[in-house]
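# Structure at a glance
If you want the building blocks of each chain, they are given just below.
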Amino acid sequence: MKKSLRWLSLLLIVVMLGSLFIGCGKTDDKDKVDAGDKKEDKQEDKKDDEKKDDEKKDDEKKDDEKKDESEDSTLITDTPVTLTYWGALNSNASANYASLNETPLAQELERLTGVTIEYQHPPEGQADEQFNLMVGSGELPDILERGWFDYPGGQGKAIEDGVLIELNDLIDEHAPNFKKLLESDELIDKMSKTDDGKYAMFPFIRGNELNMVFYGPIMRKDWLDDLNLDIPETIDEWTEVLRKFKTEKGADAPFQGNDIPRMACAFDIVDGFYLEDGEVKYGPIEPAYKDYLAAMNKWYEEGLIDPDYAALDGTARDAKATSGESGAFFGYGGSTILRYLTAMKDEDPNYDLTGVPYPAKEKGGKAFSGQKDFPVMNPGWGITTACEEVEIATKWLDFGYSGDGTGIGGPGYMLYNFGIEGQTYEIEDGYPKYTDLVTDNPDGIAMGHVLGGYTRSIYSGPMVQAREYHEQYQHLPQQIEAAKHWLKADDSHRLVPTTPTSEENEKLVDIMNEVNTYVSEQRLKFIMGQEPLEKFDEFVEQLKTLGIEDVIEIRNAALKRFNER
């Protein structure tokens, strides 16, 4: 019995142990299943995460693409905006278009910026009259093109008069290109604002020294060569050349006499205001001015100056310069030298011109003055008090300065200087080169007139004028040589445009209206011999009686304020 019980006990123990092993075996299988499920879940989670990452990357890529498109876009507005613009139509544009509205430039500018401009132009020769009437009526456009240096009291007074708005905050917030340009050049900054630091215009800026010199004395080079004459440097050498032109070439008017006041540079004087030793002076009251008048009077009596010089218009001057009546005159590298050479190419293949230096007092020396602009030029573009879209107008005006921080290389810079890529220019080895449409127009249109429809570089705009424009427009050897000669003049006597106060300006205008009229009349009389030079001292005293010394004082005060800007 005991033996049977013992075997039964052993059997129960075996069964229990077996159950334990079986239970353990089931637990392991369950763990394996759970682990597999978890592994699959993790794989699914990983796929989900990867999917989310891919979606995130796609979204980021789309955002980046949108950002790039936004950064590359030149559009100023996504909604239609129309601004009105008033300014004189330059002759280079009016040669082929009745309005800037019709030009390829205006159409491309609208495409790039999204802003429609309605251009309004006063009749030719009536800009001043129409401007005064417009301002007086209070019916102003959104944007005004004007020579604000010449506005009585300057751009600051235009703000006071309710014509223009102050731009300081708008430039800070909406004109990054122009702002960088102001920060890059102290002189440009000073010339662009008022004495109390207010900005009211976007100016035309010449980008380098070469662009600032483009006007001066010109002579018939073929005549100089035929007569074996050197290019004259002094007033005595000029006299000899003009005499030869008269006697040997039969010139009735050897020197046209246009812009004759510039000949004063040969006597270390300027026929107007100038700077010497940091002070403003006025040439006509200086003793050397008498010497200048005496020399011109002698030329006139010898028949070296056109007897009708004071009455010649542009058409008459062109005719005399190309017919052989004149051998010396003042003009531009483009619209004079290039235009005359082009016009005479077939008619007289020997016809040739050269720019000559402004005459100096001594051989080998520099002329006392010449023509050289400052970087900031008249005109300027202001936003009027009538404009309701001032932010859009600010951005539109800033467009022309787009570039590398100095206004160079951006889309506005390229359009205003070179026109439309593929039509008026191509990029060759990084250089914007004008196409034959510009340089050799199939319809025979002059280069300046083509540029007048596609660019603003040929005249002016709210922009920086490119060096490459000048290099190609003044591309003939005669033009290049002329610029070299004209650059020889001393530019240290140039008087920077300054801004008198309203009170000063009122006094200055009253005085200078009389002074300018008197000087113009007496200069003509002295040169033509209608007034003897013995009366020069009386001439000076009359200028002092008219108040010229008060004007000099005002201009010195304005210069001091400018230097302190």
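To keep things clear, this report deals only with the structure shown in the data block. Model, not experiment: these values are computed from the prediction. (Residues numbered from 1 in each chain as written. Predicted model: local features only at pLDDT ≥ 70, side-chain atom pairs only at ≥ 80, totals over all residues. Heavy atoms only, no water.)

## A closer look at the overall build of the protein
Counting its secondary structure elements, the protein contains 23 helices and 13 strands. By residue count, 49% of the 565 residues in the protein fall in the buried class. Of the contacts made within the protein by residues no fewer than 6 positions apart, 75% connect residues no fewer than 24 positions apart. When the accessible area of the protein is evaluated, it comes to approximately 28600 Å², of which 47% is carbon and sulfur surface. (Helix = DSSP H or I, 4+ residues; strand = E, 2+ residues; numbered from the N terminus. Buried < 20%, exposed > 50% of the residue type's maximum accessible area, 1.4 Å probe, protein only. Contact = heavy atoms within 4.5 Å. Areas by Shrake-Rupley, 256 points an atom, 1.4 Å probe, with all protein chains shown as cover.)

## Things to note about the packing of aromatic side chains
Summed over the entire model, instances satisfying the criterion amount to 32 aromatic pairs. Here the aromatic rings of phenylalanine 330 and tyrosine 358 are separated by 6.0 Å at their centres, their planes lie at 50°, and the arrangement is tilted. Placement of the pair is phenylalanine 330 in strand β8 (residues 328-332) and tyrosine 358 in the loop between β9 (353-355) and β10 (376-383), with a sequence separation of 28 residues. The exposure class assigned to tyrosine 358 is buried, which follows from its relative accessible area of 4%. Aromatic ring contacts, followed pair by pair, group Phe214, Tyr215, Trp238, Phe255, Trp299, Phe330, Tyr332 and Tyr358 into a single cluster. Cation over ring: arginine 555 sits above phenylalanine 273, and NZ or CZ is 4.4 Å from the ring centre. (Phe/Tyr/Trp six-rings, centres within 6.5 Å; stacked < 30°, edge-to-face > 60°. Lys NZ or Arg CZ within 6 Å of the ring centre and 35° of its normal.)

## A few points about the nonpolar core
Grouped together as the largest cluster of nonpolar side chains are 153 residues, with contacts concentrated most on Phe255, Met263, Trp299, Trp396 and Ile548. When residues in this core are grouped by element, the largest group, nine residues, is from helix α21 (residues 502-528). Those residues within four positions of tryptophan 299 in sequence are excluded, and the remaining contacts are Ile235, Trp238, Thr239, Leu242, Phe255, Met263, Leu304 and Ile305. (Core = buried A, V, L, I, M, F, W, Y, C linked by side-chain atoms within 4.5 Å.)

## Re a negative patch on the surface
Residues Glu160, Glu166, Asp169, Glu173, Asp196, Glu388, Glu389, Glu391, Glu503, Glu506, Asp510 and Glu514 make up a contiguous surface patch of negative charge. Of all the elements in the fold, those that place two or more residues in the negative patch are α6 (168-174) and α21. Among the elements that take part in the negative patch, α21 stands out by supplying four residues, more than any other. Here aspartate 169 falls in the exposed class, since its relative accessible area comes to 57%. (Patch = residues over 30% accessible without salt bridge, like charges linked within 9 Å, V, L, I, M, F, W, Y side chains within 5 Å. Salt bridge = Lys/Arg side-chain N within 4 Å of Asp/Glu carboxyl O. Lys, Arg positive; Asp, Glu negative; His and termini not counted. Charge placed at Lys NZ, Arg CZ, Asp CG, Glu CD.)

## Here we look at the sheet that holds strand β2 (residues 115-120)
Backbone hydrogen bonds hold the strands of a sheet together, and the pairing may be parallel or antiparallel. Strand order in the open sheet formed by six strands is β2-β1-β3-β10-β4-β13, and the pairing between neighbours is mixed. Pairing within the sheet leaves two strands with one partner each, and these edge strands are β2 and β13 (464-465). (Pairing = 2+ DSSP bridges.)

## Some details on helix α22 (residues 536-546)
Buried within α22 are the following residues: Phe536, Phe539, Val540, Leu543 and Leu546. Here the buried residues of α22 occupy an arc of 120° about the axis, which is enough to place them on one side. Those residues of α22 that are exposed and aimed more than 90 degrees away from the buried face are Asp537, Glu538 and Thr545. Packing partners of the buried residues in α22 comprise β7 (279-282), α12 (288-302), α21 and α23 (548-563). Glycine 547 sits one or two positions beyond α22 and adopts a positive phi of about 110°. (Arc of directions from axis to C-beta.)

## Observations concerning the pairing of strand β5 (residues 215-220)
Counted residue by residue, β5 has six buried out of six residues, so it is predominantly covered. One ladder, built from five bridges, connects β5 with β8; its direction is antiparallel. Bridging from a neighbouring strand, isoleucine 218 pairs with phenylalanine 329 of β8.

## What about the sheet that holds β8?
Across the sheet, which stays open at both edges, the three strands sit in the order β8-β5-β9 with antiparallel pairing between neighbours. The two strands at the open ends of the sheet, each matched to only one other strand, are β8 and β9. Geometrically, the sheet is characterised by an average inter-axis angle of 40° between neighbouring strands, direction not taken into account. Helix-sheet contacts for helix α11 (residues 235-249) involve β5 and β8, and the interaxial angle to β5 is about 45°. Against the sheet, helix α14 (residues 333-344) touches β5, β8 and β9, its axis set at about 115° to β8. (Axes fitted to C-alpha atoms, helices over the stretch in contact; angles between N-to-C directions.)

Coordinates in, geometry out; function isn't part of it.
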